[in-house]
Structure formats: structure tokens, C-alpha cells
Amino acid sequence: MEPVRRKFTEPNLQRIKQLAYPEAEQQTASKSATEKTREARPVDISRLDLRVGVIVSAEKHGDADSLYVEKIDVGESNPRTVVSGLARFIPLDELQGQKVIMLCNLKPASMRGIKSEAMLLAASNAEHSVVELLKAPDECSPGDVVYVEGFEQSECGDPDEVLNPKKKIFEKIQVDLTTTDQCVAVYKERPLMTSHGSVRSTTLVQANIR
């Protein structure tokens, strides 16, 4: 088969391929250009697809005492399944109906046999002994965009469709996510905002967000 493959790399046959399948060639070129553009973008919070979510249901993971499995409405046709390590920090009955902040463009990953399709953002003290979910204002609806002034989509472009885990994009952004003395969630000292106000922790100040 190798001689055949080499034959089809010849310029005249490549030209025939382009004439026969112009749309495929254009799509490949367009995808390549989009990927190059994305790679050239700065690594900042505009790369993250952050939305308001509402926890529809939550239960303990059947195979891990430290994990919960939540169904979370993020404004799509179906709730997303999220596996979180919150069982040691937040009682199960406190999760139902909470308006939370979701990172929606992580690559889905299986956690103890259940595919997690997004991530809840939470504030944590330095010892990681206290963890609180970040909360959206009560007036927010599922799917509302969470943004930071100066990093809006209108200025920086759409978030990545899926964050490349090899590039550690979220990890690089996460070091600049904290809470203030007033419990406001900030990125580089600029508040995380919704159309109804800022995102907050409940009590944790000067805390890391992860």
C-alpha cells in the first residue's frame, strides 16, 4: 500500500483531489486556520466558556465516597452531568437548586466510570479545608454568560470550543482567580460578572478559585 500512498501525493493527483472534493479541502484549510488563530490568542479568561448553571439534582457517586454526581442546567436542551469532589465539604441537601458557575468547555472526562461534562467553580482556603461554591445572583438564569470586563467575547473572540488539556489553559488562568475581602470572585482583580451582578463566594475571602 505504501507505493500507492506515495503515488497519491504527486501534484497532479493532489490537484484532481482538490477538484473532486473542494468543500473538504476548504473545510480542512479553514479548520487549520482557526486552530492557528486560537493558538496565537493570549491565555486569558476569554478562552473559558463560563456560564450560570442551576443544580437540578445531586447524589453520591456509587463508587467513591468523596464524589457527588450532579445534573446541572446550563441553558441547553439537556442538563449536563458533572462529577465533583465536594462530598467532604458541602452537605448534599445544600446543593439542590443552587445557582452556580460552570466551566463548560473542558474536555469531558470519566471519573470512576461516569463521564463528567463540565466543572463547578469553587473557592477554597489555603489549607483546602473549607470549600464554597461560587454563586451567581438570584436573578440569573441557566446559561447566562459569566464575563470579565476587558475580556468580553466581543473584544477577544469566542471561548475555545474545547480546552486542549495538553496546553493546561485553565491551570494557567486559575492562578489569577481569587476572591476579594468582600467575597467577590475576581480575575486579575477584575470581578467576574453576570448581567445581574457579580459572582461571589459565601464567606471565603482572599481565597483561591479552582
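The preceding data block contains the structure.
Residues numbered from 1 in each chain as written. Predicted model: local features only at pLDDT ≥ 70, side-chain atom pairs only at ≥ 80, totals over all residues. Heavy atoms only, no water.

A. Layout of the overall build of the protein chain. Counting its regular elements, the protein chain contains 5 helices and 15 strands. The buried share of the protein chain, reckoned over its 210 residues, is 38%. Contacts in the protein chain between residues far apart in sequence, at least 24 positions, make up 64% of those at least 6 positions apart. In the form shown here, the protein chain has an accessible surface area of approximately 12,400 Å², with 50% of it arising from carbon and sulfur atoms. (Helix = DSSP H or I, 4+ residues; strand = E, 2+ residues; numbered from the N terminus. Buried < 20%, exposed > 50% of the residue type's maximum accessible area, 1.4 Å probe, protein only. Contact = heavy atoms within 4.5 Å. Areas by Shrake-Rupley, 256 points an atom, 1.4 Å probe, with all protein chains shown as cover.)

B. Just the side chain of Arg47, in detail. Structurally, Arg47 is set in the loop between helix 3 (22-40) and strand 1 (50-60). The exposure class of Arg47 is buried, given its relative accessible area of 4%. At a separation of 3.3 Å, a polar atom in the side chain of Arg47 contacts the main-chain carbonyl oxygen of Arg41. Polar contacts involving the side chain of Arg47 include one to the main-chain carbonyl oxygen of Pro42, which spans 3.3 Å. (Polar contact = N/O pair within 3.5 Å; in protein donor to acceptor, adjacent residues only side chain to side chain.)

C. Broad picture of the nonpolar core. Ranked by internal contacts, the top residues of the largest apolar core, which has 26 residues, are Ile45 and Leu192. When contributions to this core are tallied by element, the ones reaching two or more residues are strand 1, strand 4 (99-103), helix 5 (169-174) and strand 12 (185-187). If you tally residues by element for this core, the top one is helix 5, at 3 residues. Look past the residues within four positions of Leu192 in its chain and what remains in contact with it is Ile45, Leu50, Val146, Tyr147, Val148, Leu177, Ala185, Val186, Tyr187, Gly197, Ser198 and Val199. Grouped together as the second largest cluster of nonpolar side chains are 17 residues, Ile55, Ile72, Ile90 and Leu95 included. (Core = buried A, V, L, I, M, F, W, Y, C linked by side-chain atoms within 4.5 Å.)

D. Local environment of the packing of aromatic side chains. Taken as a whole, this structure holds 1 aromatic pair when the rule is applied. Between the aromatic rings of Phe151 and Tyr187, the centroid separation amounts to 5.3 Å while the plane-to-plane angle is 80 degrees, which identifies the pairing as edge-to-face. Of the two residues, Phe151 is situated in the loop between strand 10 (147-148) and helix 4 (153-156) and Tyr187 in strand 12; the sequence distance between them amounts to 36 residues. Both residues of the pair, Phe151 and Tyr187, count as buried. (Phe/Tyr/Trp six-rings, centres within 6.5 Å; stacked < 30°, edge-to-face > 60°.)

E. Expanded view of the pairing of strand 4. In terms of burial, strand 4 is largely enclosed, as 4 of its 5 residues are buried. The pairing of strand 1 with strand 4 spans 5 bridges and is classified as antiparallel. Directly across from Leu50, in strand 4, lies its bridge partner Leu103. Where strand 4 meets strand 7 (residues 119-120), 2 bridges bridge the pair, whose relative direction is antiparallel. When the bridges of strand 7 are listed, Leu103 appears paired with Met119. (Pairing = 2+ DSSP bridges.)

None of this, on its own, says anything about what the molecule does.
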